[in-house]
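# Structure at a glance
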Amino acid sequence: MRRWSEVAERVSATTRTSVKTHLLADYLSTLEAGQLPIAAVFFAGRPFAEVDSRTTGLGWATISGAVAALTRLPADALAEAYDRSSDLGLAVADVLEQAAEVRRARGLPEPMVEPPNLAAVATAFAEIETAGGAPAKADRFADLLARCDPLTARYVVKILTGELRIGLKEGLLEAALAEAFERPIGAVKRAGMLTGDIGRTALLAREDRLDSAVIALFHPLKFMLATPAENATEIIARLGPTAWVEDKYDGIRAQLHRAGREVRLYSRDLHDITGQFPEVVAGARDLSWTGILDGEVLAYRDGLVMPFVALQKRLGRKAPSAAIQAEVPVVFVAFDLLALADPAVTAAEPRAQALLDRPLSERRHLLEALALPLADVGGSFALSHLVSVDSAAALERAFNDARLRRNEGLMVKDPASAYSPGRRGLGWLKMKKALATLDCVVVGVELGHGKRHGVLSDYTFAVRDEATDRLLTIGKAYTGLTDVEIAEMTAWFEAHTLDRFGRYRTVEPSVVVEVAFDVIVRSNRHNSGFSLRFPRIARLRPDKDPAEIDTTATVEAVWSGLQHGAEQLVTAGHERGGREGPAG
Ligand code: AMP
């Protein structure tokens, strides 16, 4: 692990992509089969492979408790070190250095420990995951840390907290694998897409078996994402001459796998959510195909789609009661077919053939041929509403129609496009006029007033600066969440507080919120250089990772786009009161 950390350090020290690739390729090519997949997954910045839904469940409190117990330094040593760098990995390394200095000053011997290799670190991560409860997790983590020198500890913590940040995009890691084992980059990418596991891909590249990668049922594939677009003429120019237009449904994205009588549902962040939607699962169990659907789960009753707030009542409930299922029934709106039974395989082990490379038009044709039992005749499925357009005017009309149906916008798709898992490609564009929300991460919270006295109900949130990867604050809002949600979030923020400044406290930047606002203005009130007029929390986005929040570049683009209308929207004297917390 020490060698891995040294390579990471060198990769981080250069901004040149080609140098990063060579450094990685040199290192990866020397690894044995047992170490290579672990090294690759760690370089992807994860303790476990992406398709592996395990999480270690280590939060700030557990990490800082373990560091304090190990070093016997005061608990705030870590908070102070964190304030200096805003990097937990660096902060932990700093505190370990301090502890070593104290030992040296007292003439105490260095502890004799065997440094962990990659496999030992992977084993420790698995043990932290299975350990029940924070104290047991802290023990496992402290054991691991005790064996690490500061540099290694720094990278162990960076991986554990998902904040590797050494300027390594997935594409670069794939390029390094191609170079290390002299394989075509296209073959590496294809295998990566199918396995969803860079470790497994690395092994296949090493063994020259990339062609054998197959789509695995009951292992979620990454979801294809859409690129935002506003201008109808540009959209048609990009996707035309004919573009497909689908409603953009406001539910939650889900992937449905089925084979035999086994059915599983996965969320956008690749977690198994099968238990949450028993009616969809029961409806799918009686069908007769083997394959993978992509779609959106929506609340739907008496022939009408219910608003997202209704669906929210269903979210997070592992086993919804009959009463809640009757109050908020759900359907699965399918819009894509990613795999279908491989007719050549009759073995007991279910196998499906990937359809990702086929054009959308063919995938849709096969999807329609499945004849899913539709909701309007008592089934639990629907197909996305689809029309073809061949001019900007027709697209504008479709957009206005969607708005009249109270739809937030449209998805415009190229019928010739392939399905690219995990990519925000140009094959799918999401058309939303005047972006009315930003996805931000909460960096600070404050106790509320009046009815909200005693709960952490005021949130300060930030966007990401792409150039420096720093989080820059953009606003503060009183939540639009329910009392139950506020109470749950208060408990979470209590457990993930980093530092306190009177009523205001900084918190671990993990909670993604969708913020609605009227206007963006340039202002030095927040360190992003922008602030929002009438910001309000539209909803929590537990399905979004903090890495996916909006960037300062998006804010800049929205700001310039809104310049025109800003004058009419801002009415003097409507500035909201309330003290701003320190910029986080
Ligand atoms: P956003 O969450 O704003 O990035 O928008 C993309 C999301 O829209 C996808 O992840 C889906 O959850 C959702 N969506 C709704 N309707 C569709 C559709 N017809 N095709 C693809 N995605 C859709």
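Per-chain numbering applies: the sequence of each chain, read as written, is numbered from 1 onward. For a predicted model such as this one, the threshold for reporting local features is a pLDDT of at least 70, and the threshold for listing and counting side-chain atom pairs is 80 or more; totals across whole chains, interfaces and linings nevertheless cover every residue. Remark: hydrogens and water are excluded; side-chain values derive from all non-hydrogen atoms of the structure.

### So, the overall build of the protein chain
Going by this rule: Starting at the N terminus, helices and strands are each numbered in turn, a helix being any DSSP run of H or I of at least four residues and a strand any DSSP run of E of at least two. C-alpha atoms define the radius of gyration in this analysis, and the globule rule sets the expected value at 2.2 Å times the number of residues to the power 0.38. Type-normalised accessible area, obtained with a 1.4 Å probe on protein chains alone, sets the label of each residue: buried when under 20%, exposed when over 50%, and partly exposed for intermediate values. Two residues form a contact once any of their heavy atoms are found within 4.5 Å. For the accessible areas, the method is Shrake-Rupley and the probe is 1.4 Å, while residue cover comes only from the protein chains on display. Asp and Glu are treated as the negative residues and Lys and Arg as the positive ones, with His and the ends of the chain left uncounted. Every charge is mapped to an atom, namely NZ of Lys, CZ of Arg, CG of Asp or CD of Glu.
Of regular secondary structure, the protein chain possesses 20 helices and 21 strands. Here the C-alpha radius of gyration of the protein chain, 25 Å, is about what a compact globule of 584 residues would show, namely 25 Å. Taking the principal axes of the C-alpha coordinates as reference, the protein chain spans close to 80 × 70 × 50 Å. Taking all 584 residues of the protein chain together, the buried fraction comes to 51%. Put simply, 70% of the contacts in the protein chain that link residues at least 6 apart link residues at least 24 apart. Carbon and sulfur atoms form 53% of the exposed surface of the protein chain, whose accessible area is close to 26600 Å². Taken as two groups, the 70 positive and 77 negative side-chain charges of the protein chain have centres that lie 2 Å from each other.

### Things to note about the environment of serine 457
Looking at where serine 457 falls in the secondary structure, it is placed in strand S14 (residues 456-465). A relative accessible area of 2% means that serine 457 is categorised as buried. Serine 457 sits 30 residues away from alanine 487 along the chain, and the two C-alpha atoms are 8.7 Å apart. In this structure, serine 457 is in contact with Glu446, Gly448, Arg452, Ala477, Tyr478, Thr479 and Ile486, ignoring residues within four places of it in sequence.

### Comments concerning the side chain of serine 267
Where we set the bar: The definition of a polar contact used here is a pair of N or O atoms within 3.5 Å, where within protein one atom must be able to donate a hydrogen and the other to accept one, and adjacent residues in sequence count solely through side-chain atom pairs.
Mapped onto the fold, serine 267 is located in strand S4 (residues 262-267). A distance of 2.4 Å separates the side chain of serine 267 from the side chain of aspartate 269, its partner in a polar contact. Not counting chain neighbours up to four residues away, the residues in contact with serine 267 comprise Phe223, Arg253 and Ile273.

### Side note on empty space enclosed by the protein
Which entries qualify depends on this criterion: Here a cavity denotes grid points, spaced 1 Å and computed from the protein atoms alone, that fit a 1.4 Å probe unable to get out, and a pocket denotes an open set having protein on both sides within 12 Å along at least 5 of 7 lines; residues with an atom within 4 Å of a point are the lining. Grid points are joined across faces, edges and corners, and a volume is the space filled by probe spheres set on the points. Three categories are distinguished: nonpolar for Ala, Val, Leu, Ile, Met, Phe, Trp, Tyr, Cys and Pro, charged for Asp, Glu, Lys and Arg, and polar for the others, with Gly belonging to the last.
Applying the stated criterion to the full structure yields two cavities of 30 Å³ or more. Looking at the second largest cavity, its volume works out to about 40 Å³. Forming the boundary of the second largest cavity are Ser64, Val67, Ala68, Thr71, Leu73, Pro74, Ala75, Ala77, Leu78 and Val95. Breaking the lining of the second largest cavity down by element, the ones donating at least two residues are helix H4 (60-71) and helix H5 (76-85). Per element, the largest residue contribution to the lining of the second largest cavity is four residues, and it comes from H4. Across the lining of the second largest cavity, the residue classes break down as eight nonpolar, two polar and no charged.

### Some remarks on the domain arrangement of the protein chain
Selection rule: Per the annotation, domain bounds derive from an automatic or database assignment of domains. Note on definitions: buried area is the accessible-area loss of two parts on being combined, 1.4 Å probe, summed for both. Each reported salt bridge corresponds to a side-chain nitrogen of Lys or Arg within 4 Å of a carboxyl oxygen of Asp or Glu.
Here the domain parsing of the protein chain yields domain 1 (46-161), domain 2 (225-233 + 248-388 + 418-425) and domain 3 (436-560). Contacts between the two partners involve six residues from domain 1 and, on the opposite side, six residues from domain 3. Summed over both partners, the interface of domain 1 with domain 3 buries about 470 Å², with 53% contributed by carbon and sulfur atoms. Interface area lost by domain 1 to domain 3 is led by Trp60, Tyr82 and Asp83, which between them contribute 71%. In this structure, the connection of domain 1 to domain 3 is made through zero salt bridges. Linking domain 1 to domain 3 there are two residue pairs in polar contact (both at pLDDT 80 or more).

### Describing the nonpolar core
Generally speaking, a soluble globular protein has its nonpolar side chains buried in company with each other. This is how it is decided: Residues grouped as a nonpolar core are buried Ala, Val, Leu, Ile, Met, Phe, Trp, Tyr and Cys residues, joined through side-chain atoms within 4.5 Å.
Residues Trp4, Leu24, Leu28, Phe43 and Phe125 are the most contacted members of the largest nonpolar core, which totals 95 residues. Lining this core are residues from two domains, each supplying at least three of them: domain 1 (46-161) and domain 2 (225-233 + 248-388 + 418-425). Discounting residues that sit within four places of it in the chain, tryptophan 4 has contacts with Tyr27, Ala39, Phe42, Phe43, Leu118, Tyr155, Ile159 and Leu164. Leu265, Ala284, Ala310 and Leu367 belong to the second-largest nonpolar core, a separate cluster that totals 29 residues.

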